[in-house]
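Coordinate inspection notes
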Amino acid sequence: MVPRPSPDERLSSWLGRLARLYSMPAEALLAHCGLGRFSVRELEWRLGVGEGSVLAGRTGMTVEGLRRLTFDEITPQARLMIAAASRYVCPRCPAGLHRKATAFPWNFWCDEHGVRFGGRAGTGLDARLPQTQLTRLDPSARSGALRLADWAQGKEEGAPAVPALLDLLTTRHRRSSPPSLAEQPILSLAARRANHDFLTQPIARQALLVVVPEYDRVAPVLAKPVRPGLFSLAQGSLLQNYALAVGVGRLCADPVGCATSVLLASDREGEERLREALRAWSPALRRRVYARLRRLRAPETSPQRASQRLG
Ligand SMILES: [Zn+2]
C-alpha cells in the first residue's frame with residue numbers, strides 16, 4: 001500500500017507518510033528498500049538513476065514521478081535555501097504534509113489554497129503589517145519571489161545577479177546604533193535603568209531599511225538586522241524574508257533609484273561598504289548610479305539644479 005503524493009509534495013514528506021503507514025522511521029524504510037546508505041535529505045536533493053529505479057520498483061512509482069518530488073531543478077548555489085522542514089504554515093494544508101514550495105524562503109502563499117502562509121510560531125505577517133500595507137507591498141514581494149525562484153533554478157538572465165542584490169540589501173549603510181526613541185517602547189525612568197543594556201545595544205543598520213522603510217517601521221528592533229548575503233534569506237524569519245523579497249522586487253524594478261537612495265542615506269564608512277558591494281554590478285549600471293548621486297548631491301545653486309527647479 002502506497003499513498004499517492006500530493007501536489008508539489010516533497011520526497012521527505014511523502015516517504016515520511018509512507019513510513020508512518022508501516023510504523024517505521026523513514027530511514028528504516030530506505031534501508032528496507034536497500035538504500036540504507038542514503039539519507040532522505042540526500043535523495044531529496046538529487047535522486048540518482050540507480051536509487052530512483054530501486055525506489056520506483058519498491059513503491060510502484062515511476063522514476064520521473066519520484067524525481068518530481070525532489071529538488072532536482074535547484075542549482076547547487078541555491079541549495080542552502082531549501083529548508084529541512086516547512087518554513088511557513090498554510091492554515092488549510094493537512095498537518096504532516098510538506099510541499100516543496102514551503103521549503104523556500106520567498107514563497108508566501110499556498111498555491112493549493114490561495115491563502116497567505118503564517119509563521120511556524122502561529123503569527124502571520126498581518127500581526128505586524130496592516131492588510132492595506134500588505135496589499136501595497138505584495139506586488140513587489142511577488143516579483144522579487146519570481147526573480148529569486150528563477151535564480152534558484154539557474155534561469156536567471158537579468159542583472160544585477162541575485163547574490164549581488166542580497167549583498168547590497170544586507171550591507172550596513174550606516175554605523176550600528178542603539179534603538180532610536182521611535183524604536184523604544186515607552187518606559188518609566190526605573191524601567192529605563194533596568195533595560196539599560198537593551199537601550200544602549202548597537203543595532204546593525206542595513207540598506208534593506210532604506211529600500212523597504214515599511215519594514216524598518218514595524219520590525220522589532222532586536223530582530224531588525226538580517227544575516228549577510230544569501231544567508232539573510234536562508235535563515236530569515238517570515239517577516240524578514242518578506243521584506244527581503246520586497247527589496248529584491250524593488251531593486252529589480254529600479255536598481256539605479258534604490259541604490260542611489262541608499263547611498264544618500266549612508267554615512268562615510270557605510271558608503272565605502274556600499275561602493276564595494278556595487279562592484280558586483282555592471283559598469284554601465286554603476287555609472288548611472290554615481291551620475292545620479294552626483295546630480296542629487298550637487299549644491300542647490302548649480303545652474304543645472306536651478307534650471308531643473310524652474311523646469
Ligand atoms: Zn495550503
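How each quantity is defined
- Residues numbered from 1 in each chain as written.
- Predicted model: local features only at pLDDT ≥ 70, side-chain atom pairs only at ≥ 80, totals over all residues.
- Heavy atoms only, no water.
- Domains from an automatic or database assignment.
- Salt bridge = Lys/Arg side-chain N within 4 Å of Asp/Glu carboxyl O.
- Buried < 20%, exposed > 50% of the residue type's maximum accessible area, 1.4 Å probe, protein only.
- Core = buried A, V, L, I, M, F, W, Y, C linked by side-chain atoms within 4.5 Å.
- Helix = DSSP H or I, 4+ residues; strand = E, 2+ residues; numbered from the N terminus.
- Expected span 1.5 Å × (residues − 1).
- Arc of directions from axis to C-beta.
- Contact = heavy atoms within 4.5 Å.
- Donors = N, O, S within 2.8 Å, 3.2 Å for Na, K, Ca; no water.
- Tetrahedral: all angles 85-135°; square planar, octahedral: opposite > 155°, others 65-115°.
- Axes fitted to C-alpha atoms, helices over the stretch in contact; angles between N-to-C directions.
- Parallel < 35°, antiparallel > 145°, perpendicular 65-115°, else oblique.
- Left-handed = near helix turned anticlockwise from the far one by under 90°.
- Nonpolar A, V, L, I, M, F, W, Y, C, P; charged D, E, K, R; others polar.

1. Things to note about the domain arrangement of the chain
Per the domain assignment, the segments of the chain are domain 1 (11–72) and domain 2 (162–301). Using only C-alpha atoms to locate each centre, domain 1 and domain 2 end up separated by 43 Å.

2. Observations regarding the pattern of salt bridges
Going through the model one piece at a time under the given rule, you end up with 14 salt bridges. As a salt-bridge pair, Arg279 and Glu276 come within 3.7 Å of each other at their nearest N and O atoms. Each of the two residues, Arg279 as well as Glu276, counts as exposed. Connected through shared salt-bridge partners, Glu183, Arg205, Asp216 and Lys224 make up one network.

3. Observations concerning the nonpolar core
Within the largest apolar cluster, 66 residues are counted, with the highest numbers of intra-cluster contacts made by Trp106, Leu166, Tyr215, Tyr242 and Trp281. Membership of the second largest hydrophobic core comes to 19 residues, among which are Trp14, Leu29, Phe38 and Leu47.

4. Brief notes about helix α16 (residues 283–297)
Between its terminal C-alpha atoms α16 stretches 21 Å, which fits the 21 Å expected from 15 residues at 1.5 Å a residue. Residues of α16 that are buried include every one of Leu285, Val289, Tyr290 and Leu293, and no others. Seen end-on, α16 carries its buried residues on one side only, within an arc spanning 130°. Facing away from the buried side of α16 by more than 90 degrees, the exposed set consists of Arg287, Arg288 and Arg294. Looking at the buried side of α16, the elements it contacts are α14 (255–265) and α15 (268–278).

5. Section: the coordination of the zinc ion
For the zinc ion, every protein donor is listed as Cys90 (SG), Cys93 (SG), Cys110 (SG) and His113 (ND1), and the spread of their distances is 2.1 to 2.4 Å. Geometry at the zinc ion is tetrahedral, judged from its four donor atoms and the angles of 106 to 113° they form at the metal. Taken in chain order, the donor set of the zinc ion reads C-x2-C-x16-C-x2-H.

6. Topic: the packing of α15 against α16
Remark: α15 packs on α16, axes separated minimally by 11 Å, with the N-to-C direction vectors making an angle of 150°. Relative to α16, the element α15 is oriented roughly antiparallel. For the pair α15 and α16, the crossing hand works out as right-handed. Packed against α15, whose contacting residues are Glu271, Arg275 and Leu278, the element α16 presents Arg286, Val289, Tyr290, Leu293 and Arg297 at the interface. Split by residue class, the contact of α15 with α16 holds four nonpolar, no polar and four charged.

7. Digging into the environment of Gly65
Tracing the backbone through its elements, the reader meets Gly65 in helix α5 (residues 63–67). Sequence separation between Gly65 and Leu239 is 174 residues; the distance between their C-alpha atoms is 34 Å.

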